[in-house]
Amino acid sequence: MSPQKRVKNVQAQNRTSQGSSSFQTTLSAWKVKQDPSNSKNISKHGQNNPVGDYEHADDQAEEDALQMAVGYFEKGPIKASQNKDKTLEKHLKTVENVAWKNGLASEEIDILLNIALSGKFGNAVNTRILKCMIPATVISEDSVVKAVSWLCVGKCSGSTKVLFYRWLVAMFDFIDRKEQINLLYGFFFASLQDDALCPYVCHLLYLLTKKENVKPFRVRKLLDLQAKMGMQPHLQALLSLYKFFAPALISVSLPVRKKIYFKNSENLWKTALLAVKQRNRGPSPEPLKLMLGPANVRPLKRKWNSLSVIPVLNSSSYTKECGKKEMSLSDCLNRSGSFPLEQLQSFPQLLQNIHCLELPSQMGSVLNNSLLLHYINCVRDEPVLLRFYYWLSQTLQEECIWYKVNNYEHGKEFTNFLDTIIRAECFLQEGFYSCEAFLYKSLPLWDGLCCRSQFLQLVSWIPFSSFSEVKPLLFDHLAQLFFTSTIYFKCSVLQSLKELLQNWLLWLSMDIHMKPVTNSPLETTLGGSMNSVSKLIHYVGWLSTTAMRLESNNTFLLHFILDFYEKVCDIYINYNLPLVVLFPPGIFYSALLSLDTSILNQLCFIMHRYRKNLTAAKKNELVQKTKSEFNFSSKTYQEFNHYLTSMVGCLWTSKPFGKGIYIDPEILEKTGVAEYKNSLNVVHHPSFLSYAVSFLLQESPEERTVNVSSIRGKKWSWYLDYLFSQGLQGLKLFIRSSVHHSSIPRAEGINCNNQY
Amino acid sequence: MDSYSAPESTPSASSRPEDYFIGATPLQKRLESVRKQSSFILTPPRRKIPQCSQLQEDVDPQKVAFLLHKQWTLYSLTPLYKFSYSNLKEYSRLLNAFIVAEKQKGLAVEVGEDFNIKIVSKSQLPSENREGKVLWTGWFCCVFGDSLLETVSEDFTCLPLFLANGAESNTAIIGTWFQKTFDCYFSPLAINAFNLSWMAAMWTACKMDHYVATTEFLWSVPCSPQSLDISFAIHPEDAKALWDSVHKTPGEVTQEEVDLFMDCLYSHFHRHFKIHLSATRLVRVSTSVASAHTDGKIKILCHKYLIGVLAYLTELAIFQIE
């Protein structure tokens, strides 16, 4: 492809490699790193950035050191060693450095947390370890549960406990699951007794409390505590949360307004938390630039801090239930009986719970979940589809990079988003209406370059609809780009139109057999649908003819055009749809006179398939006898026969310009070509000539001069066999079906079934 | 209710066989309306001049006073799913909890009867006079949004225009909550130069008892490193006189009139300063009725034409979410 594209690819690769380097601290990354070939790779990537090399080397060393440090701590202090303090200090430093720079893998946190709370080392060491328990991405729930179990043993000091709770509150969002931790609710609650711990435990409970945790005895305990300690903001916070969940249990009036409930326990880790969030967000986005004009209005999601374009899957039923007045909101929040999406893991589960599935609060989130895509696909619930439609339409519009000047820096993100959509469409084998609407709006503004592959794929997933309605909105704009762009663009457009045709045909063939035709959304009758498909085919025919002229009969382009017609010629048999559309003369003759054998071979194959389809159609008509509206007009048959006559005349009977392509004999004489009659048969046709020569050379390798005209009679049949053996299957099928062999092949041995 | 925004010459759809849409789903209706919209000229070529309508007179000036003289940032909003007016109190509670969870600061949320939201600071700072200061206000609005309502099914509530005043961080939190709760989508609503010209013409055409501000236009010349702005202020009565001279159809504004009005301004400016304003970009229009900035900021000054201004903004918002 174009050099530009290649450069982009290389950049993309670099970017991914850089991206992965920020995750190096995960264990799996380590292991890979130890492979020497891989580390070479890394240094290669670093070439454009000589500093990068050193950094990578440093990272490598750092990780080795970290591994050693973790090993050291795991073994525990070696009593006899003289350099004990020095070694300890060195390893602590290593851990701290790595933790603050890249964060620690969850396995390392697991080990180190264990050490810090088990009291193997002194208090100071424990504190330092705890302070640098910064995750690279997440902390596993198990580590936390294990750590809490150490608290019961009583091996760690009060200050360590405080620090641990502060750490837990700060890192709460990075713990991967919380079910187990919630089971320890009672334990945490009991820790409220400890005055030093109380504020931090309160904060933790505030984060952890669910409705079912709110129990009368706990409320009593809290009120007791408040009576004992006075109005403490942290206790009030917890109480107000309890009151929110169970208003009936708490009759005490709580001050409504409150400034800050909790002392900010995160402040120790503030910068580290930001870094973790950044890491979890994936490769960090480019720094935000100051935007001026309205043309630069930034999509809200970046301003509004959501992590990705597609919302996170969250089941939420309360919006549905809020309509019913008698139901209190907290009830809704904890509704039982329906199946929460978070637990949906497998297809059988989906099937079992399909009737009571809680739908996601934001429908857009289904895009990332194949199980829910299944659901979306089979549910015919309009609100569900409309919610998805609204979300996708707006997101596409917001994200679309060529709507906004200077927004190209987010190109990669937009491309990824489009890829996700296309994956979903392929998965469902169905296009989204939102994408179609988006194409209407955005195609007129498209430069034909940006996200080309994705955009053209979207085109191929346009849901079936009336062609004449879609044409002015889509295809006319596409045609402008088509005619003014490079040959590669033309080929890609033809490719995507071929896929569009295929998708429409599949959809129609399913639709006809699945349900009565009247249910079909956009066309009332099968005739209407067929008309729409045939218009699409004619339109592509027109595009192709013009493109062939513009690109001076380029072979590469012709391949793509014939690919399209390979689909077209087989509609009747493959899709069981009553439609046969032939190619325009501009394509047929260009292919017939092409210098490329594979083109001619493809043409033969297509003609063969056309013949099969038309014969099948004819047969059905005869069987049914009824005059249905889908009987093909005699014009189609005539047209086909005309092409067939030309082809047979050229390739087989050596009467090229008689019936098919008619050229006045006088003009032919003026050209001065003596034997023009032979010149287009399978021997002399420019694209076969080389085959003829190799055939003759194979026959008699000693011959110094070859006379291709000698291929006649028996030799002619051998020659044909030779051609077939060279992989020209299309030619073989064509000749087998359209030409009747007789003992004298060069005579009028054909019966091209002219009378359909 | 006289429909200010009723497009009189909407491309007639009846010429095409739409009958097969009788049984069509809302989704297909939506698509159909998008097609209609994309295939014809985007804006109806004529609109009514804002009048002091019946509806307007019913509105208590006291009640809408808080909407005036404030800068609002505009957003378009897709229909809200399962929203119910009877639950505003509940929503207020939930939203409050959400904001507290996000910010952990003492804020209170009030959701008014007519569905506007106020965030009131409750002791951000120790100083007494700060108590109860309104930090942020936002309101939802739909004035004559009939074209959208047609295709929206009953599970959805259509409030396509959202206006916010206050820190954007608050807008973000509240917007996020709405997006999560009602599965809707907020997008900033920018006003392009074309629509700004329309606003300039329509607002100039409004009859005013007295003018409170000069008519002012701001153009931006894209050049680096700093863009260059050209401001052009006209006495409002002069602007009105110019409008009256180009205005022909009574009670209506047409596309030709808007173009002519702007062309007159351009040629006047060119005569004096030899600058072709038509080659620059119109970024702000201010009149005594309202002022609008291209990046989606609006300030409404005149109570009398409030409904008219909102109707046009609703139209723009609907166009964005269609």
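Residues numbered from 1 in each chain as written. Chains lettered and ligands numbered in written order. Predicted model: local features only at pLDDT ≥ 70, side-chain atom pairs only at ≥ 80, totals over all residues. Heavy atoms only, no water.

**Student:** A description of the overall build of chain B should follow, citing residues and the corresponding values.
**Tutor:** Of the regular secondary structure elements, chain B holds 10 helices and 15 strands. For chain B, the accessible area works out to roughly 14300 Å², and carbon and sulfur atoms hold 54% of it. (Helix = DSSP H or I, 4+ residues; strand = E, 2+ residues; numbered from the N terminus. Areas by Shrake-Rupley, 256 points an atom, 1.4 Å probe, with all protein chains shown as cover.)

**Student:** For the overall build of chain A, give the residues involved together with the corresponding values.
**Tutor:** A tally of regular secondary structure across chain A gives 36 helices and 0 strands. Classification of the 756 residues of chain A by burial places 50% in the buried group. Sequence separation of 24 or more characterises 72% of the internal contacts of chain A that already satisfy a separation of 6 or more. (Buried < 20%, exposed > 50% of the residue type's maximum accessible area, 1.4 Å probe, protein only. Contact = heavy atoms within 4.5 Å.)

**Student:** How would you sum up the packing of aromatic side chains? Please name residues and give values.
**Tutor:** All names here are of chain B. Considering all chains together, one arrives at 63 aromatic pairs over all chains under this definition. Consider the rings of Y75 and F186, whose centres lie 6.4 Å apart with planes at 75°: the pair is edge-to-face. Remark: F186 occurs in strand β9 (residues 186-188) and Y75 occurs in strand β2 (residues 71-77); sequence separation between them is 111 residues. On the basis of relative accessibility, which here comes to 3%, the residue Y75 falls in the buried class. Where F140 meets F178, the ring centres are 4.9 Å apart and the plane angle is 50°; that geometry is what we call tilted. Residue F140 is located in strand β6 (residues 134-141), and its partner F178 is located in helix α6 (residues 168-182); the two are separated by 38 residues in the primary sequence. (Phe/Tyr/Trp six-rings, centres within 6.5 Å; stacked < 30°, edge-to-face > 60°.)

**Student:** Residues and numbers for the pattern of salt bridges, please.
**Tutor:** Counted according to the given criterion, the structure contains 12 salt bridges over all chains. Ionic pairing is found between E89(A) and K93(A), a salt bridge with its closest N-O pair at 3.4 Å. Linking E89(A) with K93(A), this pair stays in helix α5 (residues 84-102), spanning 4 residues, or about one helical turn. For K240(B), the salt bridge is made with D244(B), and the minimal N-O distance between the two is 3.2 Å. Within this pair, K240(B) and its partner D244(B) are both found in helix α8 (residues 236-246), separated by 4 residues, close to a single helical turn. A cluster of three or more residues bridged by salt bridges with shared partners is formed by E89(A), K93(A), E96(A) and R128(A). (Salt bridge = Lys/Arg side-chain N within 4 Å of Asp/Glu carboxyl O.)

**Student:** How would you summarise the pairing of β2(B) if you had to cite specific residues and measurements?
**Tutor:** One face of the sheet, then the other: side chains in a regular strand alternate in exactly this way. Residue and element names in this part refer to chain B. Counting buried positions over the 7 residues of β2 gives 6, a clear majority of the element. Pairing between β2 and strand β15 (residues 297-300): 3 bridges, direction antiparallel. Opposite T73, over in β15, you have K297 as the bridge partner. Looking at chain direction, β2 and strand β8 (residues 161-166) are connected through 4 bridges and run antiparallel. Among the inter-strand pairings, Y75 is bridged to a residue of β8, identified as F162. (Pairing = 2+ DSSP bridges.)

**Student:** I'd like a rundown of helix α22 (residues 411-428) of chain A, residues and numbers included.
**Tutor:** All names here are of chain A. Its 18 residues give α22 an end-to-end C-alpha distance of 26 Å, which sits within 8% of 26 Å, the value for a rise of 1.5 Å per residue. For α22, the full list of buried residues reads G411, F414, T415, F417, L418, T420, I421, I422, A424, E425 and L428. Buried residues along α22 sit in contact with α20 (370-378), α21 (382-399), α23 (433-442) and α24 (452-460). Q429 occupies a position one or two residues after α22 and carries a positive phi of about 55°. (Expected span 1.5 Å × (residues − 1).)

**Student:** Account for the packing of helix α35 (residues 714-725) of chain A against helix α36 (residues 729-738) of chain A, naming residues and giving values.
**Tutor:** All names here are of chain A. Following both chains from N to C, one finds α35 and α36 inclined at 135°, their axes separated by 7 Å at the closest point. Taken together, the axis directions place α35 and α36 in an arrangement best described as oblique. In this structure, the crossing between α35 and α36 has a hand that is left-handed. Residues L720, L723 and F724 of α35 form the contact with α36, whose participating residues are Q729, L731, K732, I735 and R736. The residue inventory of the contact of α35 with α36, partitioned by class, reads 5 nonpolar, 1 polar and 2 charged. (Axes fitted to C-alpha atoms, helices over the stretch in contact; angles between N-to-C directions. Parallel < 35°, antiparallel > 145°, perpendicular 65-115°, else oblique. Left-handed = near helix turned anticlockwise from the far one by under 90°. Nonpolar A, V, L, I, M, F, W, Y, C, P; charged D, E, K, R; others polar.)

**Student:** Would you mind going over empty space enclosed by the protein in detail, with residue names and values included?
**Tutor:** The tally for this structure, following the rule as stated, stands at 6 cavities of 30 Å³ or more. Lining the largest cavity are 10 residues, with S393(A), Q397(A), A437(A), F438(A) and K441(A) positioned closest to its centre. Where the lining of the largest cavity is concerned, the elements lending two or more residues are α21 and α23 of chain A. In terms of residues, the lining of the largest cavity owes the most to one element, α23(A), which gives 4 residues. Considering the residues around the second largest cavity, the lining is formed by W203(B), T204(B), M208(B), Y211(B), T215(B), P236(B), K240(B), T287(B), S288(B) and V289(B). Secondary structure elements with two or more residues in the lining of the second largest cavity: α7 (193-205) and α8 of chain B. (1 Å grid on protein atoms, 1.4 Å probe; cavity = no way out; pocket = protein on both sides within 12 Å on 5 of 7 lines; lining within 4 Å. Points joined across faces, edges and corners; volume = space filled by probe spheres on them.)

**Student:** Before we move on, could you go through the environment of E237(B) and cite the residues and values that matter?
**Tutor:** Residues and elements named next belong to chain B. Along the chain, the position of E237 falls in helix α8. Note on E237: relative accessible area 48%, which makes it partly exposed. Measuring from C-alpha to C-alpha, the distance between E237 and M208 comes to 9.7 Å, with 29 residues separating the pair along the chain.

**Student:** Give a description of the confidence of the model for chain B that names residues and reports values.
**Tutor:** Residue and element names in this part refer to chain B. Predicted confidence across chain B gives a mean pLDDT of 78, with 75% of residues reaching 70 or more. Helix α2 (residues 54-58) is the least confidently modelled element of chain B, averaging 57 in pLDDT, while strand β14 (residues 290-293) averages 95, the highest of any element. In this model residues 1-23 is a low-confidence stretch, pLDDT under 50, and it forms 34 contacts with partners more than four residues away in sequence or in other chains. Note on the complex model: pTM 0.65, ipTM 0.82. (pLDDT = per-residue confidence, 0-100.)

**Student:** Give me unusual backbone geometry: which residues, what numbers.
**Tutor:** All names here are of chain B. Phi is positive for H69, close to 60°, though the residue is something other than glycine. Positive phi values are uncommon outside glycine, yet D183 reaches one of about 45°. Tracing the chain through its elements places D183 in the loop between α6 and β9. The buried category is assigned to D183, whose relative accessible area is 3%.

**Student:** I'd like a rundown of the packing of helix α30 (residues 585-592) of chain A against helix α32 (residues 634-651) of chain A, residues and numbers included.
**Tutor:** All names here are of chain A. Running from N to C, α30 and α32 cross one another at 15°; their axes reach a closest spacing of 11 Å. Between α30 and α32, the angle is such that the two are roughly parallel. Relative to α32, α30 is oriented so that their crossing is right-handed. Residues P585, F588, Y589 and L592 of α30 lie in contact with α32, whose contacting residues are H642, Y643, S646, M647 and C650. Grouping the constituent residues of the contact of α30 with α32 by class yields 7 nonpolar, 2 polar and no charged.

**Student:** An account of helix α4 (residues 88-103) of chain B is needed here, citing residue identities and associated values.
**Tutor:** With 16 residues, α4(B) should cover 22 Å at 1.5 Å per step; its first-to-last C-alpha distance of 22 Å lies within 8% of that length. L88(B), Y91(B), S92(B), L94(B), L95(B), F98(B), I99(B) and V100(B) are the residues of α4(B) that are buried.

**Student:** Which residues make up the confidence of the model for chain A, and what values go with them?
**Tutor:** Residues and elements named next belong to chain A. The predicted model of chain A averages 77 in pLDDT, with 76% of residues at 70 or higher. Element-level pLDDT for chain A is lowest in helix α2 (residues 27-33), with a mean of 37, against a maximum mean of 96 in helix α28 (residues 555-568). Contacts from residues 742-756, a stretch scored under 50 in pLDDT, to residues over four places away or in other chains number 34 contacts.

**Student:** So what's going on with the environment of P686(A)? Which residues, and what values?
**Tutor:** All names here are of chain A. Within the secondary structure, P686 sits in the loop between α33 (665-671) and α34 (689-699). Separated by 89 residues in the primary sequence, P686 and T597 place their C-alpha atoms 8.7 Å from one another. Setting aside anything within four residues of it in sequence, one finds P686 in contact with L595, S679 and L680.

**Student:** Quick rundown of the state of the cysteines? Include the residues and the values.
**Tutor:** Taken as a whole and judged by the stated rule, the model has 0 disulfides over all chains. Its sulfur unpaired, C142(B) is 5.3 Å from the next cysteine sulfur, which belongs to C158(B). (Disulfide = S-S within 2.5 Å.)

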